Amino acid sequence: MADAEFNIQGDDEMRVEFAARVKLKAYVRSLINDKPHCELCKLPILGVPEYDHRKADGLGGEATLENCAVLCGKCHRRKTHEEDRPIMAKADRQFKAKAGIKGPKRKWPKRKFA
Ligand SMILES: [Zn+2]
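Residues numbered from 1 in each chain as written. Predicted model: local features only at pLDDT ≥ 70, side-chain atom pairs only at ≥ 80, totals over all residues.

**Structural notes on helix 3 (residues 73-98)**
Then, number 1: With 26 residues, helix 3 extends 36 Å from end C-alpha to end C-alpha; this agrees with the ideal 38 Å at 1.5 Å per step.
Then, number 2: Roughly 35 degrees is the biggest bend found in helix 3, and it falls at Thr80.
Then, number 3: Buried residues belonging to helix 3 abut strand 3 (50-53) and strand 4 (68-71).
Then, number 4: Downstream of helix 3 by a residue or two, Gly100 has a phi angle that is positive, lying close to 70 degrees. (Helix = DSSP H or I, 4+ residues; strand = E, 2+ residues; numbered from the N terminus. Expected span 1.5 Å × (residues − 1). Bend = angle between axes of the 7 residues up to and from the residue. Contact = placed C-beta atoms within 7 Å.)

So this is what it looks like as structure tokens:
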């Protein structure tokens with residue numbers, strides 16, 4: 001259950017990934033005493049650093065160095081699930097509302113008498 005919820009690799013739509021040189025520059029930027037540090041919690045990253053769009057690419061965030069944050073896995077998962085997803089879901093709803101697109105009407109079970 002928990003593993004499924006934190007599946008941040010699930011690329012179900014087109015994403016603009018960072019170029020290797022952008023990641024490299026961001027990585028160098030995050031170095032303190034030759035060790036990468038998370039740009040959110042500021043702690044040293046013990047595993048492999050993860051690269052996050054500060055502004056989600058689904059919201060027009062570009063794959064530039066300025067929009068690239070070096071994060072530890074913990075912060076990346078937290079940001080993705082608590083910040084990016086709800087904002088993107090809201091943007092999606094507003095876009096659909098403008099376009100006059102509604103989801104299927106919810107069907108209520110008919111109440112049975114007798
Ligand atoms: Zn962190």
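From this point, the narrative continues.
**Side note on the nonpolar core**
Then, number 1: Listed in full, the 10 residues of the largest apolar core are Phe18, Ala26, Cys38, Ile45, Cys68, Ala69, Val70, Leu71, Cys72 and Cys75.
Then, number 2: With four residues, the top contributor of residues to this core is strand 4.
Then, number 3: Beyond its immediate sequence surroundings of up to four residues, Ala69 is in contact with Glu39, Leu40, Asp52 and Arg54. (Core = buried A, V, L, I, M, F, W, Y, C linked by C-beta atoms within 7 Å. Buried ≥ 20, exposed ≤ 12 C-beta atoms within 10 Å, placed from the backbone.)

**Considerations on the pairing of strand 4**
Then, number 1: By the alternation rule, side chains of strand 4 split into Cys68 and Val70 and Ala69 and Leu71, which are all buried.
Then, number 2: Bridge analysis of strand 3 against strand 4 gives four bridges, and the strand direction is antiparallel. Bridge pairing in strand 4 links Asp52 to Ala69. (Pairing = 2+ DSSP bridges.)

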